[in-house]
Amino acid sequence: MRKLGYLALALLVALLAAACGSTKKSSSGSTSTAAVNCSNKNDLNLKTTDQLTIGTDNPAFPPWFGGTPHKPWQVSDPNSGQGYESAVAYAVAKQLGFDKSQVVWKHVPFANSYAPGPKPFDFDINQISFTPARAKVVDFSDSYYDVNQSVVVNKGTPIASVTTVAGLKPYDLGAQLGTTSYQFIKDTIKPTKQPSVFPSNTGAVQALKNKQIDGLVVDLPTAFYVTAVEVPNSKVLGQFPAEPGGEHFGMVFEKGNSLRTCVNQALTELRSNGTLKQLQQKWLAKATGAPILK
Amino acid sequence: MAGEGDRRSDPEVERRSRLLGGLHFEGEGARGVAIALLSTAVFLTVVIVAVTQSAGWPEVKRTFFDWGDISSSFPDIARAFKLNVEIFLVCEVFILIFALVIAVLRSLPGPAFFPLRALAIIYSDLARGVPTILVIALLGFGAPALQLTGVPRSRVFWAGVGLILVYSGYVAEVYRAGIESVHPSQEAAARSLGLSRFQALRRVILPQAIRRVIPPLLNDFIGLQKDTALVSTLGVVEAFNQANIDSAATFTYGSYLAAAALFVAITIPLARLTDWLIARDRQKRQASGAVA
């Protein structure tokens, strides 16, 4: 009699397996490849009409965001228009025909920016690197910043005298979750010890401060902020030579969102008229001139 | 038990029924089983149809149930899972000892022991009251920040200390329940035989108490095994953090399913073992006419 109990169990498993395998239902987000009109903001595909909803994580860190923190925002305020990402977002908004009051910032933790289902933002700008694997799940805008990875260390520690990528191998390295820095450590530095991955900037910085890790791998502009503000007595040991093809940050869109076409047009315009370069000089000027690790 | 004339009289059937735990078919017989099968099939069909016809299913299927994602992330996660198991095994030993000390302190009688009792109560209130993830973050980032010589910086070490502190709070309560379930006459009898208070505790009360609480103890260890994932807060790459890494690299969640499968592979056998021990214990007590 009990055998039938197993049979029921087996049936259950089989049905569940079938559920995962079946369904050829094709109803993927209808990507309207028809020509998108970007000149009138009423034609844009928006969450809320007449409003551009932009996501980013909280705290929003310099040099990507600036200004004095307000209400829900910590460390800095995306509404300020200060800091590179905030400034770029407002410049794009202006190109699309929004004035400053029509831009609404929304707190979107990194992990939520790619969660399946309808997105709570028109686009998300949060130092998210483009990768082909990620682009299968969400859509990325063109590059608004070409980024280099770098390593931050405590002054006076053994790692502080390293000058080559190979020299970093024996050390405890860390990165922040969701950055490409971890992959960079694994693929390029190939350290002998398992690198650490911190769920937040706060944890990563605290571990460096506590000397629980020897080096923190972050993008170069963030590295300069870490050394200037977050970890006293630390320095940018150096930046890594750019990967073939380079790495860039892109804004994240819900897959198939036609708004991307318009944002890309805006970015092209901002690049050709020199605005992007100007904003980089204004907000990320410090992020140059770190020695390149061979 | 024997001679009731039902299926329970067959020891083999009984063994399997214990293993299967909740799968009871009440109105037994072929008809009962047929009804159970049919209702299971109908229930599952409804669930599957509801899920797969939902608007978001194609996207969920792609991001969660992509076999390529699950299988490609599995080896790394399995390697990282070794750390979860190690943390679990080491912490378990310390918890068993430390919690027993707390529980004994808490059950000391008389006004002279009030401070120790109070300490034990405060400890288990705090240990159970603060979220485990906070305890781990506070210890893991806070203790090394003191920069005291001799204080370890290892994050795995501090995460282990955090888990031991928290779980000892729960396990001490389990022990206490066991100690209090031993009838006072047991201690009285032991003392009247000339055993000291400590000897009575050591030789008479604790052996009975601990045997009774083995199932709830195992229950707490199932919880502990799962909570080793909280070590990821400190940046340590264990199974959950490795799954996070894979998820963030591809923006998919197949890696989470791979990690879940590994945890379940340990916790489900533990759960079955617990149920089996409970059933065996119940049977023993019935057979021996319920001692104490």
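Residues numbered from 1 in each chain as written. Chains lettered and ligands numbered in written order. Predicted model: local features only at pLDDT ≥ 70, side-chain atom pairs only at ≥ 80, totals over all residues.

> Quick question: what am I supposed to make of the overall build of chain A here?
Counting secondary structure elements, chain A contains 8 helices and 12 strands. Sorting the 294 residues of chain A into buried and exposed places 45% on the buried side. Considering only residue pairs separated by 6 or more positions, chain A has 68% of its internal contacts joining residues 24 or more positions apart. (Helix = DSSP H or I, 4+ residues; strand = E, 2+ residues; numbered from the N terminus. Buried ≥ 20, exposed ≤ 12 C-beta atoms within 10 Å, placed from the backbone. Contact = placed C-beta atoms within 7 Å.)

> Got a minute to help me understand the overall build of chain B in this structure?
The secondary structure content of chain B amounts to 11 helices and 0 strands. When the helices and strands of chain B are listed from N to C terminus, the series reads α-α-α-α-α-α-α-α-α-α-α. Here the contacts in chain B between residues at least 6 apart in sequence split such that 72% fall between residues at least 24 apart.

> Would you explain the pairing of strand β9 (residues 215-219) of chain A in this entry?
Residues and elements named next belong to chain A. Along β9, 5 of the 5 residues are buried, which leaves the element largely enclosed by surrounding structure. With 5 bridges joining them, strand β6 (residues 149-154) and β9 adopt antiparallel strand pairing. The residue bridging V151 from the neighbouring strand is V217, located in β9. Relative to β9, strand β7 (residues 173-176) is paired through 3 bridges, and the arrangement is parallel. Bridge assignment links A175 to a residue of β9, and that residue is V217. (Pairing = 2+ DSSP bridges.)

> What is the right way to read the sheet that holds β9 of chain A from this model?
Where strands meet in a sheet, backbone hydrogen bonds hold them as pairs that are either parallel or antiparallel. Residues and elements named next belong to chain A. An order of β8-β7-β9-β6-β10 is seen for the 5 strands of this open sheet, with the pairing classed as mixed. Every other strand in the sheet has two partners, leaving β8 (196-198) and β10 (234-239) as the edge strands with one partner each. For this sheet, the mean angle separating the axes of adjacent strands, direction not counted, is 30°. Here 5 bridges tie β6 to β10, and the two strands are oriented antiparallel to one another. (Axes fitted to C-alpha atoms, helices over the stretch in contact; angles between N-to-C directions.)

> Sorry if this is basic, but what is going on with unusual backbone geometry here?
Most peptide bonds are trans, and most residues other than glycine sit at a negative phi. All names here are of chain A. With an omega of 0°, the peptide bond running from N58 to P59 counts as cis. Cis peptide bonds are those with omega within 30 degrees of zero, and the linkage from P62 to P63 qualifies with 0°. Locating P63 in the fold gives a position in the loop between β1 (52-56) and α2 (84-96). One non-glycine residue, V75, lies in the positive phi region at around 70°. Tracing the backbone shows V75 in the loop between β1 and α2.

Geometric descriptors of this kind do not, in isolation, establish any biological role.
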